[in-house]
Amino acid sequence: MPERIEWLQDGTPYSPRFGDRYRSELGGLDQAREVFLKGCGLPAAWAQQPQWRILETGFGLGLNFLVTWAAWKADPQRPRLLHFVSTEAFPASAADVLRSAASHPELLPLAEQLQAQLWGLLPGFHRLVFEGGQVLLSLCIGDAKAMLREQQFEADAVYLDGFSPQRNPELWDVQTFKAVARCCRRGTRVATWTVARSVRDALAQCGFVVQKTPGIPPKRDNLQGEYNPRWEPRKAADTPLFAQQAPGSCVVIGGGLAGAATAASLARRGWRVEVLDAASTPASGASGLPAGLFAPQLSPDDNVLSRLSRSGVRATLPQASALLREGLDWQATGVLEHRLNGKLGLPADWPEAGRDWSCEATPEQRQSAGFPGDSADTTPACWHRRAGWIKASQLAKALLAHPAISWRAGVDVAQILPRPSDAQEQGPRWQLLDATGQTLAQADLVVVAAAYASRELLGCQLPLQAIRGQMSWGWREANEAADAPAFPALPVNGHGSFIPRLPMDQGHAWLVGATFERDKDKAQTRPEDHLANFARLQTLLPATAAHLAAQFSAGKVKAWAGVRCASPDRLPLLGPVPGAAAPGLWVCTAMGSRGLTFALLCAELLAARLHGEPLPVEKRLAQAMDVQRFFAADT
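Residues numbered from 1 in each chain as written. Predicted model: local features only at pLDDT ≥ 70, side-chain atom pairs only at ≥ 80, totals over all residues. Heavy atoms only, no water.

J.: So what about the pattern of salt bridges? Which residues, and what values?
T.: One pass over the full model with this rule turns up 31 salt bridges. Across the pair Arg 185 and Asp 156 runs a salt bridge, and its minimum N-O distance is 3.1 Å. With Arg 185 in strand E9 (residues 184-192) and Asp 156 in strand E8 (residues 155-160), the pair connects residues that are 29 residues apart, well separated along the chain. Judged by its relative accessible area of 25%, Arg 185 is partly exposed. With a closest N to O distance of 3.1 Å, Glu 274 and Arg 408 form a salt bridge. With Glu 274 in strand E13 (residues 272-276) and Arg 408 in strand E20 (residues 405-408), the pair connects residues that are 134 residues apart, well separated along the chain. We classify Arg 408 as partly exposed; its relative accessible area is 27%. (Salt bridge = Lys/Arg side-chain N within 4 Å of Asp/Glu carboxyl O. Helix = DSSP H or I, 4+ residues; strand = E, 2+ residues; numbered from the N terminus. Buried < 20%, exposed > 50% of the residue type's maximum accessible area, 1.4 Å probe, protein only.)

And the structure:
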């Protein structure tokens, strides 16, 4: 359940849990501006910076974030990227966040955008995207200490906020401030409204130098300061291996969805990106499928794959919405999953926020797919609300359309070599050569996103497996009403997948598939694979299979095939290439059959690690995708 909030007669929000107001009865706008924004020297401190990273210890109703966002929008010298990281153990409802901002008309348009993304706030990290990816809110739902241990960045400013130390002492104790200090650099500004002696002593113990400053009447004092410990702070053992503070030149090898997403994430941060691909057009490999589904993965224990899949869906939705034509290139239809193993797959303690993601299908949803309406004694089915279909090739092309990205087709890279160590002049770290030894490109940073070809190109024994897949598809009847009763209303997955109505240039198509053949690296289509897809469809949707049987038997079904690339644990491989001769050689591959879910998330994680930004997922989830996990024993 969202946190229960009471609204007092003067319009002030009140927390029954803590017995305290969320803000002063005089209103929170001045407090947000004077105590936190100005208390951290903003907006002057962030002028002309490539990025600015703010950490807040209590999101509450989001007023500090909205005020900071508004100040960023109004500042012509604003940083290219604004990161706002906030912890919150008891998130308020989206409706209450909007109601809180209603008395501030200048903030209301921003609050409405925030409200639209405040859904599914399960424990963990949630990356919310605004301003075309230039304002990034990382909501860390859970205990502040635990959430901060899962972050890895250096904040430029810290807002210490929350209910009063008397009401919520755990948020203001030494252990919390130690966790905050681990996310600070020397000189990080800190501001708060409380001047309690216990808070000042705990901050001093953790390396913060603070002093009282004039407060907003009727409050006499506030607190400001900076992180400047007398000792030399120890660096965490997992400090990023490579951080390029000033964006430069980058080459991405591979023009599929993973490469396009990586190029776009870096271009938004100021890199000049060149994408090299051996094919003649973007998304010519596995990303060239007619369409695919994106949906979260379920597991009773909510494992790493499940949590990452939700983060991936959340990363995909805003990009698809901003770049593609809804209803033509993508659609968030929701997806019905037929759980053919007989188990629903939802965690036993699935909270209400989880129902924003997935829940047991209703009788009406089951009937829309031709399942028995009563779920009793039948195969269970789940409804994934935040799911749908996307044409991956269209998304890749849209991502590559950024003005800082250039595309080069028909370029076959044979070698990636570091710049000769005896070179006197300054220049790019890496050079890329063709099979004859001719230089194709040079760059400060190289990201290999070439799917299964990444293994041969890097020559470092990446644990990659080729997985061939073939989809079967055909046209809907000219009079779609005639075949509508045999088709599900919405996409279905479970044993393969089925998209009932895909807009294409010549009309509407249906898609079923795909096959899953390990260690097959050839993408040619085969007639016998239609039989395999038809068999899956008979299990998944018997009525639909019966209706399409004539098309399959008459050879009217069309085919598409591609080669996917997976790791042994079915998680992506992301990070600096193990054993590279110089810094700046990264890999982003092994999306498996979940490229639509993982590609955009991996691109943002790569950019975060590269620039020392806040992580979009918990550190342990980021480590689960680190390429180094398969090489740790050799280092």
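Moving on, there is more to tell.
J.: Can you tell me about the environment of Asp 30, naming the residues and giving the values?
T.: By the element assignment, Asp 30 lies in helix H1 (residues 29-37). Sequence separation between Asp 30 and Ile 216 is 186 residues; the distance between their C-alpha atoms is 7.8 Å. Setting aside anything within four residues of it in sequence, one finds Asp 30 in contact with Val 35 and Ile 216. (Contact = heavy atoms within 4.5 Å.)

J.: Account for the side chain of Gln 465, naming residues and giving values.
T.: Mapped onto the secondary structure, Gln 465 falls in strand E25 (residues 465-475). By relative accessible area, which is 17% here, Gln 465 ends up buried. A polar atom in the side chain of Gln 465 sits 3.1 Å from the side chain of Arg 570. (Polar contact = N/O pair within 3.5 Å; in protein donor to acceptor, adjacent residues only side chain to side chain.)

J.: Outline the pairing of strand E32 (residues 585-589), listing residues and values.
T.: With respect to burial, E32 is a largely interior element, five of its five residues being buried. Neither face of E32 is left uncovered, since the one carrying Leu 585, Val 587 and Thr 589 and the one carrying Trp 586 and Cys 588 both have all their residues buried. In this sheet, E32 lies alongside strand E24 (residues 445-448) in parallel orientation, the contact comprising three bridges. When the bridges of E32 are listed, Val 447 appears paired with Trp 586. Across four bridges, strand E31 (residues 573-576) lies against E32 in antiparallel orientation. Within E32, the residue paired with Gly 575 across the bridge is Val 587. (Pairing = 2+ DSSP bridges.)

J.: Which residues make up the packing of aromatic side chains, and what values do they have?
T.: In total, this model carries 18 aromatic pairs according to the counting rule given. Each ring, one from Phe 36 and one from Tyr 159, has its centre 5.3 Å from the other, and the planes form 45°; the classification is tilted. Placement of Phe 36 in helix H1 and of Tyr 159 in strand E8 is noted, with a sequence separation of 123 residues between them. The exposure class assigned to Phe 36 is buried, which follows from its relative accessible area of 0%. (Phe/Tyr/Trp six-rings, centres within 6.5 Å; stacked < 30°, edge-to-face > 60°.)

J.: Report on the sheet that holds strand E21 (residues 415-418), specifying residues and quantitative values.
T.: Taking strand neighbours across the sheet as the criterion, the three strands line up as E21-E22-E23 in an open arrangement whose pairing is antiparallel. Edge positions in the sheet fall to E21 and strand E23 (439-443), since each has one partner strand and no second. For this sheet the average axis-to-axis angle between neighbouring strands, irrespective of direction, equals 25°. Pairing of E21 with strand E22 (residues 430-433) involves four bridges; the strand directions are antiparallel. Within the sheet, the bridge partner assigned to Leu 417 lies in E22 and is Gln 431. (Axes fitted to C-alpha atoms, helices over the stretch in contact; angles between N-to-C directions.)

J.: A description of unusual backbone geometry should follow, citing residues and the corresponding values.
T.: Residue Pro 43 follows Leu 42 across a cis peptide bond; omega there is 10°. Positionally, Pro 43 belongs in the loop between H1 and strand E4 (51-56). Here Gly 513 and Ala 514 are connected by a cis peptide whose omega angle stands at -5°. Phi at Gln 48 is positive, roughly 60°, even though this residue is not glycine.

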